[in-house]
Each structure stands twice: as C-alpha cells, then as structure tokens.
Amino acid sequence: MNQHLAKLFHQIDDSNPSDPVYYCQHGHRECTLNILHGCVLDKLPLEKAFPVISCLMKGFRTSFDECIKPSEAAKSDIEECAAGPRGATLFKQFSNETATVGSPLGFVPTIEVDKVFELFDQDKWLYRFVPMFQREYKRKFNVTLE
C-alpha cells in the first residue's frame, strides 16, 4: 500500500503565482479542505496526519480547528502552508497524481490500494474509509493507526 493519501484535486490556474485560482467539483470549500489535507500530509507524519484527515473527511462542515487539536503544535505551520505557495504546489501535485488514477473517474472518491483499482471495493471505501485504510496500513506496515 502506498504510504500516501492522495487527495482529489481538480484544477489550478497558477498563471499568477501570487494569486492562484482553484477549481473543485464541489466549490470553494472543497478546494480549501483539499489544500488543508495536502498541507496536513506535508507537515505531519502519516500517523499524526491520519486522524486529522479522517476528521476533515467527515464533511464540508468539519472544523479544522477541531480536527487539528491532536496536533495543535503544527496548526500554524499547516495554515501558513495552506495560505501560501506551498499549498498551491501541493494542490497542483495532487491534481496531477489524481489524473493518473484513471480517466474519467467513475465516482468520487476513487480509491486505489498499491496502485490497484478494485471496482467492487469502492462502496466499502466510500462508507468505511477509516477502518479500511487502517486495516490496509496495518497489513502492509504492521503499524496501527489511531
């Protein structure tokens, strides 16, 4: 299992690097959360990033302030990343990674494990992401994610 959570990012117009424009399927809030996800993954080891990402993935109304509490010390670094050029770079990087999953994507999210797409597992991943990811991570790395 690839030790990387690639988020679904859409498009970025970075022709003006000081003011990039993001486009996401579900609007501005999705883009904001996607950039935060990327910065969380960039600034924290996966074992600490996972509970934050899991919390943020509960819906568009989730609070970053609430989700980051277990890793409060990294909050300002993550926010700085999300508001700056590093966030734009991660958005573009993950957008390119998403493009390699398959085109067109049948539905969102589309989950691959070790770069293998299993069509009939997608519903399980959609509705049971946290326990499925924990199980696969434990299977591959013998590390339990909380």
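Because the structure is predicted, anything quoted here is derived from the model rather than measured.

How each quantity is defined
- Residues numbered from 1 in each chain as written.
- Predicted model: local features only at pLDDT ≥ 70, side-chain atom pairs only at ≥ 80, totals over all residues.
- Heavy atoms only, no water.
- Helix = DSSP H or I, 4+ residues; strand = E, 2+ residues; numbered from the N terminus.
- Buried < 20%, exposed > 50% of the residue type's maximum accessible area, 1.4 Å probe, protein only.
- Contact = heavy atoms within 4.5 Å.
- Phe/Tyr/Trp six-rings, centres within 6.5 Å; stacked < 30°, edge-to-face > 60°.
- Arc of directions from axis to C-beta.
- Axes fitted to C-alpha atoms, helices over the stretch in contact; angles between N-to-C directions.
- Parallel < 35°, antiparallel > 145°, perpendicular 65-115°, else oblique.
- Left-handed = near helix turned anticlockwise from the far one by under 90°.
- Core = buried A, V, L, I, M, F, W, Y, C linked by side-chain atoms within 4.5 Å.
- Disulfide = S-S within 2.5 Å.
- Expected span 1.5 Å × (residues − 1).

Chemist: Any chance you could explain the overall build of the chain here in plain terms?
Modeler: Each helix and strand counted, the chain has 7 helices and 4 strands in total. In the chain, the succession of α and β elements from N to C terminus is β-β-α-α-α-α-α-β-β-α-α. Residues classed as buried in the chain amount to 38% of the 146 residues present. Of the contacts made within the chain by residues no fewer than 6 positions apart, 58% connect residues no fewer than 24 positions apart.

Chemist: Before we go on, may I ask you to explain the packing of aromatic side chains in this structure?
Modeler: Two aromatic rings, taken as a pair, are described by how far apart their centres are and by the angle between their planes. Using the criterion set out here, one finds 5 aromatic pairs in the structure. Arranged with centres 5.9 Å apart and planes meeting at 55 degrees, the rings of Trp125 and Phe129 form a pair that is tilted. In textbook terms, an aromatic cluster arises when at least three aromatic residues are bridged by ring pairs, as seen for Phe50, Trp125, Phe129, Phe133, Tyr137 and Phe141.

Chemist: Could you clarify how one ought to interpret helix 4 (residues 75-83) in this entry?
Modeler: What sets the pattern is the α-helix's 3.6 residues per turn: residues three or four places apart point alike. The set of residues buried in helix 4 consists of Lys75, Ile78 and Cys81. Looking down the long axis of helix 4, one finds its buried residues gathered within 130 degrees of arc, a one-sided arrangement. Of the exposed residues in helix 4, the ones pointing more than 90 degrees away from its buried face are Glu80 and Ala83.

Chemist: What should I look at first to understand the packing of helix 1 (residues 28-43) against helix 2 (residues 46-56) in this one?
Modeler: Any two packed helices are characterised by the angle at which their axes cross and by the distance between the axes. Relative orientation of the contacting elements helix 1 and helix 2 amounts to 165 degrees, with a least axis distance of 9 Å. The orientation of helix 1 with respect to helix 2, classified from their angle, is roughly antiparallel. Seen along the crossing, helix 1 lies across helix 2 with a hand that is right-handed. Two secondary-structure elements touch here, helix 1 through Leu33, His37, Val40 and Leu41 and helix 2 through Leu46, Ala49, Val52, Ile53 and Leu56.

Chemist: Could you clarify how one ought to interpret the nonpolar core in this entry?
Modeler: The tendency in soluble globular proteins is for nonpolar side chains to be buried side by side. In terms of nonpolar packing, the biggest core is built from 33 residues, with Val40, Leu44, Val52, Phe64, Ile78, Trp125 and Phe133 touching the most fellow members. Of all elements in the fold, only helix 1, helix 2, helix 3 (64-67), helix 4, helix 5 (85-99) and helix 7 (129-141) reach the threshold of two or more residues within this core. Setting aside anything within four residues of it in sequence, one finds Val40 in contact with Ala49, Val52, Ile53, Phe64 and Ile78.

Chemist: Would you explain unusual backbone geometry in this entry?
Modeler: Most peptide bonds take the trans form, and the phi angle of most residues other than glycine is negative. Look at Asn142: it is not a glycine, yet its phi comes out positive at around 55 degrees. Along the chain, Asn142 falls in the segment after helix 7.

Chemist: Help me out: how do you make sense of the state of the cysteines in this one?
Modeler: Here a disulfide denotes one covalent bond, and it connects the sulfur atoms of two cysteines. All chains considered together, the criterion is met by 2 disulfides. Cys39 shares a disulfide with Cys81; S-S distance 2.1 Å. On the S-S bond that ties Cys39 to Cys81, the torsion sits near -75 degrees, and the link is left-handed. Placement of the pair is Cys39 in helix 1 and Cys81 in helix 4, with a sequence separation of 42 residues.

Chemist: Explain helix 5 to me, please; I cannot follow it from the model alone.
Modeler: Over its 15 residues, helix 5 extends 21 Å from the first C-alpha to the last, a length consistent with the 21 Å expected when each residue adds 1.5 Å. Considered for burial, the residues of helix 5 that qualify are Gly87, Ala88, Leu90, Phe91, Phe94, Ser95 and Thr98. The arc that holds every buried residue of helix 5, seen down its axis, measures 160 degrees, which confines them to one face. Along helix 5, the residues that are exposed and aim more than 90 degrees away from the buried face are Pro85 and Ala99.

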